[in-house]
Amino acid sequence: MLTLRLACRFALSDGVPRRSFFVALIVGAVLNLINQGDALFGAVPINLLKVILTYFVLYAVCTYGAVSFELRKMRP
């Protein structure tokens, strides 16, 4: 339970949300261009669920990386 509390604290502190947001925004835009280029240029309809999930997964992965790094630093 202590680890979960620490993980939540790390996920919401030290600029982690902001960094994760900007990484997701930049990398997500590139990935959406690659994965849905046809849709973005009008050839086929855009799959909005895929667009949202791309940004969400990148945000979650970036936050997980930051939290796991901080938790590992605390180990003796």
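Remember, it's a predicted structure, so these values are computed and weren't measured experimentally. (Residues numbered from 1 in each chain as written. Predicted model: local features only at pLDDT ≥ 70, side-chain atom pairs only at ≥ 80, totals over all residues. Heavy atoms only, no water.)

Moving on to the overall build of the protein. Check the secondary structure of the protein and you find four helices and zero strands. Relative to the globule expectation of 11 Å for 76 residues, the C-alpha radius of gyration of the protein, 16 Å, shows a markedly less compact shape. Here the C-alpha coordinates of the protein stretch approximately 55 × 20 × 15 Å along the principal axes. Expressed as a percentage of its 76 residues, the buried residues of the protein come to 22%. (Helix = DSSP H or I, 4+ residues; strand = E, 2+ residues; numbered from the N terminus. Rg over C-alpha atoms; globule rule 2.2 N^0.38 Å. Buried < 20%, exposed > 50% of the residue type's maximum accessible area, 1.4 Å probe, protein only.)

A positive phi is found at Asp14, a non-glycine position, where the angle reads about 55 degrees. As for its position among the elements, Asp14 is in the loop between α1 (2-11) and α2 (16-35).

Moving on, we get to the pattern of salt bridges. One pass over the structure, following the stated rule, counts one salt bridge. Between Lys73 and Glu70 there is a salt bridge, with its nearest N and O atoms 3.5 Å apart. With a gap of three residues between them, Lys73 and Glu70 both fall in helix α4 (residues 48-74), about one helical turn apart. Take Glu70: its relative accessible area is 21%, and that puts it in the partly exposed class. (Salt bridge = Lys/Arg side-chain N within 4 Å of Asp/Glu carboxyl O.)

To continue, consider the packing of α1 against α4. Two elements in contact, α1 and α4, have axes separated by 9 Å at closest approach and are oriented at 125 degrees. On the basis of the axis angle, α1 is oblique to α4. Crossing of α1 against α4: the hand is right-handed. Facing α1, whose interface residues are Thr3, Leu6, Ala7, Phe10 and Ala11, α4 presents Thr63, Val67, Glu70, Leu71 and Met74. For the contact of α1 with α4, the per-class residue count stands at seven nonpolar, two polar and one charged. (Axes fitted to C-alpha atoms, helices over the stretch in contact; angles between N-to-C directions. Parallel < 35°, antiparallel > 145°, perpendicular 65-115°, else oblique. Left-handed = near helix turned anticlockwise from the far one by under 90°. Contact = heavy atoms within 4.5 Å. Nonpolar A, V, L, I, M, F, W, Y, C, P; charged D, E, K, R; others polar.)

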